[in-house]
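Structural overview
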Amino acid sequence: MAHRTLQVSTKTGISAATLVLALILAALGAVFWRAEFGSLLGPADWAAIRFTVLQAVLSALISTVFAIPIARALARRQFVGRSLLVTLLGAPFILPVIVAVLGLLAVFGRAGWLNAGLAAFGLPAVSIYGLQGVVLAHVFFNLPLATRLLLQGWQTIPAERFRLAAQLGLTPQAVFRSIELPLLRQILPGTAALIFVICLTSFAVALTLGGGPRATTIELAIYQAFRFDFDLNRAALLSLVQLGLAGSAAVTALWIIPSISIGGGQDRPLKRWDAQGGVQRMLDGAVIILAALFLLLPLGAVLARGLIGLPQTPASVWQAAGNSIGVALLSIAVLLVLALPLAGWIATTKRSSVEGVGLFGIAASPLMIGTGWFILINPVADPFVLALPVTALVNVLMALPFALRILVPPLRDTVQVYGRLSQALSLQGWPFWRWVVLPRIRPQIGFAAGLTGALSMGDLGVIALFAHPDRTTLPLQMYRLMGSYQMEAAAGAALILLALSLGIFWLFDKGGRWHADA
Amino acid sequence: MLTLEQGLIRQGSFSLAANLTIEPHKKYAVIGPSGAGKSTLLGAFCGFVPLTQGKLLWQARDITHAAPGARPMTMLFQDNNLFPHLSVQQNVGLGVRPDLRLSSDEKTQVESALARVGLADMADRKPGSLSGGQQSRAALARVLVQARPLVLLDEPFAALGPALRNEMLDLVDALVTETGASLIMVTHAPEDVERIADEVIFVASGTAMAPQPARALMENPPSELRAYLG
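Every chain's residues receive numbers from 1 upward, in the order its sequence appears when written. Each chain takes a letter, starting from A, and each ligand takes a number, starting from 1, following the order in which they are written. The predicted origin of the model limits local features to residues at a pLDDT of at least 70 and limits the giving and counting of side-chain atom pairs to 80 or more, whereas totals for whole chains, interfaces and linings rest on all residues. Side-chain descriptors were evaluated using all non-hydrogen atoms of the structure, hydrogens and water having been removed beforehand.

Structural notes on the overall build of chain B
Put simply, the rule is: In DSSP terms, a helix is any run of H or I states spanning at least four residues, a strand is any run of E spanning at least two, and both are numbered starting from the N terminus. Throughout, the radius of gyration refers to the C-alpha atoms, and the reference size of a globule is 2.2 Å times the residue count to the power 0.38. Exposure classes here rest on a 1.4 Å probe applied to the protein chains alone. A residue is buried below 20% of its type maximum, exposed above 50%, and partly exposed in between. Whether two residues are in contact is decided by their heavy atoms, any of which lying within 4.5 Å being enough. What sets the accessible areas is the Shrake-Rupley method with a 1.4 Å probe; for residues, cover comes only from the shown protein chains. Think of it this way: Lys and Arg go in the positive column, Asp and Glu in the negative one, and His and the chain ends go nowhere. For this purpose, a charge sits on NZ of Lys, CZ of Arg, CG of Asp or CD of Glu.
When you go through chain B residue by residue, the secondary structure sums to eight helices and eleven strands. For chain B, whose C-alpha radius of gyration is 18 Å, the value lies close to the compact-globule estimate of 17 Å for 230 residues. Dimensions along the principal axes, computed over C-alpha positions, put chain B at roughly 50 × 40 × 30 Å. Per-residue burial over chain B gives 54% buried out of 230 residues. Taking contacts inside chain B between residues at least 6 apart in sequence as the whole, the part at least 24 apart equals 67%. Accessible area of chain B: about 9600 Å², with a carbon and sulfur share of 49%. The centroid of the 20 positive side-chain charges in chain B is displaced by 4 Å from the centroid of its 23 negative side-chain charges.

What follows is the structure in structure tokens.
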């Protein structure tokens, strides 16, 4: 009905999108510039492609399906420790991969708790290595992400809907069909697609739990081609495959990511009248306990081993920690400068395809972007000097799609519900951001910033290519300690890394929700 | 004086024709069956619904394509008239300056508007903690500080009880009399017309008819209006 749709940050949004595309395309161009296309893909490469798709499909399916009961249970139950658990749901995803792998090994590994339990009953041991391990780690990382995305969607359902449902005396099935299913239909496909795309470019999990001819992802193959063979030709070919695969997945994902818009409410605290039955309570309780155990056991293992190893951490670890904090803060600043105008533009534009700009960042392999920039910087400056800023920049590109998924829906809602009033009051430009958008989406901004900070803090990817003895990040330093079998020092470093990642996430996520009562 | 000249609004199969003039210092009631286009007419005045044909003139100046905020009018919608994350004072302040950088004079202006509608003590509260009547008062305080020559009401009090709604209408009546604004209000209730309106714009069968004196029209309604009033 509104013929003058509110324009929010169109120009700055387009500039940001152009910059993102330029950063990726320049890297891509550099890789191809250096590559000579002498050969085609070999059987090992095809195996890597097949494995990549298979593990991504399994990871996405399992993560989203299990997220539904967990998000539902969390949305409609109030219990002591709920907010702590919701915060912890952010933990595995923002957990540095290398730290999580340490925790998963303690629980599911060869000498882990699970196998100890199986052995006690005389059952054969299960192996964490290979497909099942890669999928397990991906589910460990993405199940909480899916749950949080669903939960956020659930919490945008105005309390009035549930009040109406209670008023009408709807059965649980009817509540699900009339209120929750439409929401799931809007959010689930996008969530699954997002996880699929994330898992397509998985590197560190495959590096630690996969490997070998039967469990190598494309990203890992790219790394090996660079690092061990410096075979730019093969790496470039694999980058192209990666870009085509993840890119087409991202485009397909966009087709099924609908605009999420669930009307306005009066911002009352969400109170539920449905699902008070005993069976539902018990099921919800069981779901919450199982989810909590799945998350907490590996984290507990990291904590226990880390405390033992902490006194043995060398000074180099603390220096690396300082570098990591700098990289994380730089990533957050750059991310917000890019993501906010982009989100404003996407939320108000008719063409939903522009969200692909963000997904493009993750479709392109981070290692490929890093190497591309290595090649570009090399003739001009010492790439090792710029290793940390480049790492921060690549981290921003990785975080951008998540940030957009988090920021666009509430921004779109804000424009839809308050756009008319804002126009009537001539609220536009900076005052519109200052008084309407920023206060309304502050919780999501905090969440996105925290996620970016933690992701950047724990990233072990590009920095591995730029490996330099003096300028390292904490994850790389930890990896080096593990490589030289200083396991106790590595466990101590893991604990520090865990504290930093969770700390920076908590700081921003909490900051965003602080007094965000309305 | 606001003139809608040979106006036509077309939205899919819906169309509304209007050719009418709004005089200064008068109060108009817009009545008619549901879906006839009462809100659409107000939306066209305000700049939220495009005119397919015709012109909108304010004091002989063409404002057909002016932005909603640049028009000489202020409108209260059916809902979402206040930002729930801003205090009452800030919500009213937005009517003075969209960037909320208020001088001390402007702050005083906001305070006296709040006092005028009886919300002096509620300035720092958020809308969510106010009653429905108080929320309406806060929105009216903003109308007061905006001091536009035209005030448009798209049934903002529809959710209030009869006594409270009458109270609000009386307050609106007093406010527009004080500011010398014209009032255009959508309503379903004939008693509202009697209570406040000088003139009636009857909207039915795809046409918004020219305003007619309220009393004469209500005492001797033409057949279509009689059918609507029942």
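Some words on the overall build of chain A
Per the secondary structure count, chain A includes 20 helices and zero strands. Across the 518 residues in chain A, those meeting the buried criterion constitute 57%. For chain A, the proportion of contacts with a sequence separation of at least 24, taken over those separated by at least 6, is 84%. If you sum the accessible surface of chain A, you get close to 21200 Å²; carbon and sulfur atoms cover 68% of it.

Looking at the domain arrangement of chain B
Residue and element names in this part refer to chain B. Operational definition: Each domain's limits were defined by an automated method or a database of domain assignments. Accessible surface is computed with a 1.4 Å probe, and the buried area is the amount of it that two parts give up when combined, taken over both parts together. Just to be clear on terms, a salt bridge is a Lys or Arg side-chain nitrogen sitting within 4 Å of an Asp or Glu carboxyl oxygen.
Here chain B is described as being made up of domain 1 (2-72 + 149-229) and domain 2 (82-147). Computed from C-alpha atoms alone, the centre-to-centre distance between domain 1 and domain 2 is 25 Å. Counting residues at the interface gives 13 residues for domain 1 and ten residues for domain 2. Summed over both sides, the interface between domain 1 and domain 2 buries roughly 970 Å², with carbon and sulfur atoms accounting for 72% of that surface. Of all residues in domain 1, M168, L171 and L175 give up the largest surface area on contact with domain 2, accounting jointly for 43% of the area buried on that side. Counting across the interface, domain 1 meets domain 2 through two salt bridges. With a closest N to O distance of 2.7 Å, R116 and E178 form a salt bridge.

So, the packing of aromatic side chains
Residues and elements named next belong to chain A. Filter applied, for reference: Any Phe, Tyr or Trp ring, taking Trp's six-membered ring, that has another such ring centre within 6.5 Å forms a pair; planes under 30 degrees apart are called stacked, those over 60 apart edge-to-face, and the others tilted. Charge over a ring is defined by NZ of Lys or CZ of Arg lying within 6 Å of the ring centre and within 35 degrees of the ring normal.
On inspection of all chains with the given rule, the structure shows eight aromatic pairs over all chains. Ring plane angle 80 degrees and centroid distance 5.6 Å describe the contact between F140 and F294, whose orientation is recorded as edge-to-face. Of this pair, F140 sits in helix α6 (residues 131-155) while F294 sits in helix α12 (residues 278-309), and the two are 154 residues apart along the sequence. A centroid spacing of 5.9 Å and a plane angle of 80 degrees characterise the contact between F447 and F505, whose relative ring orientation is edge-to-face. Taken together, the positions of F447 in helix α17 (residues 429-458) and F505 in helix α20 (residues 487-513) put the pair 58 residues apart, joining distant regions of the chain. Assigned by exposure class, F447 and F505 land together as buried. Cluster of aromatic residues (ring-pair linked, three or more members): F140, F141 and F294. Over the ring of W435 we find R434; its NZ or CZ atom is 4.0 Å from the centre of that ring.

Remarks on the packing of α6(A) against α12(A)
Residue and element names in this part refer to chain A. Put simply, the test is: Helix axes use the C-alpha atoms of the stretch in contact, all axes being lines fitted to C-alpha atoms, and the angles between their N-to-C directions lie in the range 0 to 180 degrees. Left-handed describes a crossing whose near helix is turned anticlockwise from the far helix by less than a right angle; the clockwise case is right-handed. The nonpolar class holds Ala, Val, Leu, Ile, Met, Phe, Trp, Tyr, Cys and Pro. Asp, Glu, Lys and Arg form the charged class, and all remaining residues, Gly among them, are polar.
One can describe the packing of α6 onto α12 by two numbers: an axis separation of 11 Å at closest approach and a directional angle of 115 degrees. Crossing hand, α6 versus α12: left-handed. When α6 is examined against α12, the residues L136, V139, F140, L143 and P144 are found in contact with a partner set consisting of F294, L295 and P298. Classifying every residue of the contact of α6 with α12 by side-chain character gives eight nonpolar, no polar and no charged.

Quick word on the pattern of salt bridges
All names here are of chain A. All told, the structure shown has twelve salt bridges over all chains when counted by the stated rule. As a salt-bridge pair, R72 and E180 come within 2.4 Å of each other at their nearest N and O atoms. Taken together, the residues span a long stretch of sequence, with R72 in helix α2 (residues 43-76) and E180 in helix α8 (residues 172-200) at a distance of 108 residues. Looking at E180, the relative accessible area reads 1%, which means it is buried. The salt bridge involving R77 is made with D284; its shortest N-O contact spans 2.8 Å. Of this pair, R77 sits in the loop between α2 and α3 (82-94) while D284 is found in helix α12, placing the two residues 207 residues apart along the sequence. The burial state of R77 is the same as that of D284; both residues are buried. In the salt-bridge network here, residues are joined through shared partners; they are R148, D509 and R513.

What to know about the environment of A246(A)
Relative to the elements of secondary structure, A246(A) occurs in helix α11 (residues 232-256). A246(A) sits 48 residues away from I198(A) along the chain, and the two C-alpha atoms are 8.7 Å apart.

Topic: the packing of helix α1 (residues 10-34) of chain A against helix α16 (residues 387-424) of chain A
All names here are of chain A. Cut-off, in case you're wondering: Here the word oblique covers every angle except those under 35 degrees (roughly parallel), over 145 (roughly antiparallel) and from 65 to 115 (roughly perpendicular).
Between α1 and α16, whose axes approach to 12 Å, the crossing angle comes to 120 degrees. With respect to α16, the axis of α1 lies oblique. The handedness of the crossing between α1 and α16 comes out as left-handed. Mapping the contact onto sequence places V20, L23 and I24 in α1 and L393, L397 and L400 in α16. When the residues that make up the contact of α1 with α16 are grouped by side-chain class, the tally is six nonpolar, no polar and no charged.

Focus: the pairing of strand β4 (residues 53-58) of chain B
Residues and elements named next belong to chain B. Spelled out, the test is: One requirement defines pairing of two strands: DSSP has to find at least two bridges between them.
Two elements, strand β1 (residues 2-11) and β4, share five bridges in a ladder whose sense is antiparallel. Within the sheet, the bridge partner assigned to T3 lies in β4 and is L57. The pairing of β4 with strand β5 (residues 61-62) spans two bridges and is antiparallel. Considered in β5, the bridge of W58 is made with R61. Connecting β4 to the antiparallel partner β5 that follows it, the hairpin turn spans two residues, and Q59 within it adopts a positive phi of roughly 50 degrees.

Here we look at the side chain of S59(A)
Residue and element names in this part refer to chain A. Residue placement: S59 occurs in helix α2. Residue S59 is classed as buried on the basis of its relative accessible area, which comes to 0%. Those residues within four positions of S59 in sequence are excluded, and the remaining contacts are V135, H138, V139, I195 and C199.

Re the side chain of T191(A)
Summarising the element assignment, T191(A) is placed in helix α8. Those residues in contact with T191(A), other than ones at most four positions away along the chain, are T64(A), A146(A) and L149(A).

Examining the interface of chain B and chain A
One widely used convention gives an interface's size as the accessible area the parts lose upon coming together. Filter applied, for reference: Pairs of N or O atoms are called polar contacts if they sit within 3.5 Å, as long as, within protein, a hydrogen donor faces a hydrogen acceptor (for residues adjacent in sequence, only side-chain-to-side-chain pairs).
Contact with chain B, which involves 30 residues of that partner, is made by 23 residues of chain A. Regarding the contact of chain B and chain A, the summed buried area is about 2500 Å², with carbon and sulfur atoms giving 62% of it. Linking chain B with chain A are five residue pairs in polar contact (both at pLDDT 80 or more). By residue number, the principal contributor to the side of chain B that touches chain A is helix α4 (residues 132-146) of chain B, which donates three residues.

Side note on the environment of D470(A)
All names here are of chain A. Mapped onto the fold, D470 is located in the loop between α18 (462-465) and α19 (474-483). Overall, the relative accessible area of 57% leaves D470 in the exposed class. For the pair formed by D470 and F384, sequence separation is 86 residues and the distance between their alpha carbons is 9.6 Å. With residues near it in sequence (within four places) discarded, D470 still touches Q319 and N323.

Focus: the nonpolar core
Which entries qualify depends on this criterion: As used here, the term nonpolar core means buried Ala, Val, Leu, Ile, Met, Phe, Trp, Tyr and Cys residues forming a set that is joined through side-chain atoms within 4.5 Å.
Counting residues in each nonpolar core, the largest one holds 206 residues, and the members touching the most others are L41(B) and F45(B). Among the elements that line this core, the one with the most residues is α16(A), at 22 residues. Split by domain, this core shows at least three residues from each of two domains, domain 1 (2-72 + 149-229) and domain 2 (82-147) of chain B. What L41(B) contacts, discounting residues up to four positions off in sequence, is L4(B), L16(B), A18(B), V30(B), I201(B), V203(B) and A208(B). In terms of nonpolar packing, the next biggest core, distinct from the first, is built from 45 residues, V145(B), V151(B), I196(B) and A197(B) among them.

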